[in-house]
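Take a look at the letters that make up each chain.
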Amino acid sequence: MASSEEDESCVLEVKREAKLRLDIWDEFDRKKEKIEKTRHHQATCKHCKKANVLRLEIIRGEKYYLQYHLTKCKHVPKELKSKYAAKPEKKAEPDPRGKKQSSMFGFLDRTLTRVEKQQFGILLADTWADCNFSLQSIENESLVKLFQFLRPTVEIPSRRVLTDRILKSRIDDAVSQVTQAISHKKDVTLTFDGFKNVSQNKLLGFVAIARDDNGTNSHVFESVKDISGLNYNGEYVVAEVDAVIQTMEHKYGSTFRAVTCDSDGAHIKARRLLSAKNEHMLILACSAHQVNLIFKDQVCISV
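This write-up is about the structure you can find in this document. On a predicted model such as this, the values are computed, not experimentally measured, just so you know.

Basis of the calculations
Residues numbered from 1 in each chain as written. Predicted model: local features only at pLDDT ≥ 70, side-chain atom pairs only at ≥ 80, totals over all residues. Heavy atoms only, no water. Axes fitted to C-alpha atoms, helices over the stretch in contact; angles between N-to-C directions. Helix = DSSP H or I, 4+ residues; strand = E, 2+ residues; numbered from the N terminus. Parallel < 35°, antiparallel > 145°, perpendicular 65-115°, else oblique. Left-handed = near helix turned anticlockwise from the far one by under 90°. Contact = heavy atoms within 4.5 Å. Core = buried A, V, L, I, M, F, W, Y, C linked by side-chain atoms within 4.5 Å. Buried < 20%, exposed > 50% of the residue type's maximum accessible area, 1.4 Å probe, protein only. Pairing = 2+ DSSP bridges. Patch = residues over 30% accessible without salt bridge, like charges linked within 9 Å, V, L, I, M, F, W, Y side chains within 5 Å. Areas by Shrake-Rupley, 256 points an atom, 1.4 Å probe, with all protein chains shown as cover. Salt bridge = Lys/Arg side-chain N within 4 Å of Asp/Glu carboxyl O. Lys, Arg positive; Asp, Glu negative; His and termini not counted. Charge placed at Lys NZ, Arg CZ, Asp CG, Glu CD. Nonpolar A, V, L, I, M, F, W, Y, C, P; charged D, E, K, R; others polar.

Bringing the packing of helix H8 (residues 234-252) against helix H9 (residues 265-277) into the picture now. Their axes nearest at 8 Å, the elements H8 and H9 cross at an angle of 55 degrees. Of the possible angle classes, the one that applies to H8 and H9 is oblique. Judged by the sense of rotation from one axis to the other, the crossing of H8 with H9 is right-handed. Contact residues: Gly-234, Glu-235, Val-237, Val-238, Val-241 and Asp-242 in H8; Ala-266, His-267, Lys-269, Ala-270, Leu-273, Leu-274 and Lys-277 in H9.

Here it is as structure tokens:
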């Protein structure tokens, strides 16, 4: 009898989840285009559209992402937020024999749900990338014991799963966000600088800056190149800048209007050459670097 009641409860829960998944699309416009390298359609929030938001956020058409947007969006009514928020755990029913006992649900471990597994994978990938952990450390015996101590039933993904599926999915999401941030922007600024990594290799990095209609700046990391041992002069810098601009204009359909960099020897000459070559662009020295030099000179004079 108990087994029959449990089966019926499971069926009802599945039906409730299915209905919630269908209802949630009533709050979004489903586009024909799909998120790059996924099977999920692009979606935009009807409430944001109704609020006349200038740039609608492109949302991955998957229940977790749609539900997350509804709970965080300031344009969604409170009753909808509460509807799609995580459901509270049920309290234990009173013991028919007269004894009262609180629920053991919070004290007993359980396997993660499908949505929780997905969320755990996202958190795991972000942690490994942000902390610069090696991929093989996911299978480290001490780390596995730590996770199992915190959550005995949790399934730690293998290195192959972390690399081929979880991290790849996060990279695809990041690429999609980058594409959305910079595609077909009319006034993009390219900035670059040389620096050294922990191995003392000299690198040259490029970042594109695009401003949205609402005034928000989006910084898009374009590329980094090892220039150790190369003749780093003005002509070399100009060639690299031209190559990056051509690549990004072809890839994203954006238009570059300005280039900025600091004022070391090669960059001063590069700015002069770029100004002569690109009369439609503003070729500027880095303002932050100039202010830094002014304060440095002032301190030296004061001392």
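If you look at the biggest cluster of nonpolar residues, it comprises 28 residues, and the most contacted ones within it are Ile-182, Leu-190, Phe-192, Val-241, Phe-256 and Val-259. Counting residues per element, the ones that place at least two in this core are helix H7 (159-182), strand S4 (188-196), strand S5 (202-211), H8, strand S7 (256-261) and H9. Contacts of Phe-256, omitting those with residues within four sequence positions, involve Val-188, Thr-189, Leu-190, Ala-208, Ile-245, Met-248, Glu-249, His-280 and Met-281. Grouped together as the second largest cluster of nonpolar side chains are 15 residues, Ile-24, Ala-43, Tyr-64 and Tyr-65 included.

If you walk across this open sheet you meet the three strands as S1-S2-S3, and the pairing is antiparallel. Each edge of the open sheet is held by one strand with a lone partner, namely strand S1 (28-34) and strand S3 (59-60). Examined bridge by bridge, S1 and strand S2 (residues 41-45) share four bridges and lie antiparallel to one another. Bridge pairing in S2 places Arg-30 opposite Ala-43.

Time to look at a positive patch on the surface. Where like charges cluster on the molecular surface, the positive patch consists of Arg-30, Lys-34, Arg-39 and Arg-114. Summarising the element assignment, Arg-114 is placed in helix H5 (residues 114-130). For Arg-114, a relative accessible area of 57% translates into the label exposed.

This next bit is on the packing of H5 against H7. Here H5 crosses H7 at 90 degrees, and the two axes come no closer than 9 Å. When the axes of H5 and H7 are compared, the pair comes out roughly perpendicular. Across the interface between the two elements, Gly-121, Ile-122, Leu-124, Ala-125, Asp-126 and Trp-128 of H5 pack against Leu-162, Ile-166, Leu-167 and Arg-170 of H7. Of the residues contributing to the contact of H5 with H7, the split by class is seven nonpolar, one polar and two charged.

With that out of the way, let us pick up the sheet that holds strand S6 (residues 217-226). Strand order across the open sheet formed by five strands is S6-S5-S4-S7-S8, with mixed pairing between neighbours. Edge positions in the sheet fall to S6 and strand S8 (282-285), since each of these pairs with one other strand and no more. Mean inter-strand twist for the sheet, computed between neighbouring axes without regard to direction, equals 20 degrees. In the packing of H7 onto the sheet, the strands contacted are S4, S5 and S6, and the crossing angle to S6 comes to about 115 degrees. Of the strands in this sheet, S4, S5, S6 and S7 are in contact with H8, which crosses S6 at around 130 degrees.

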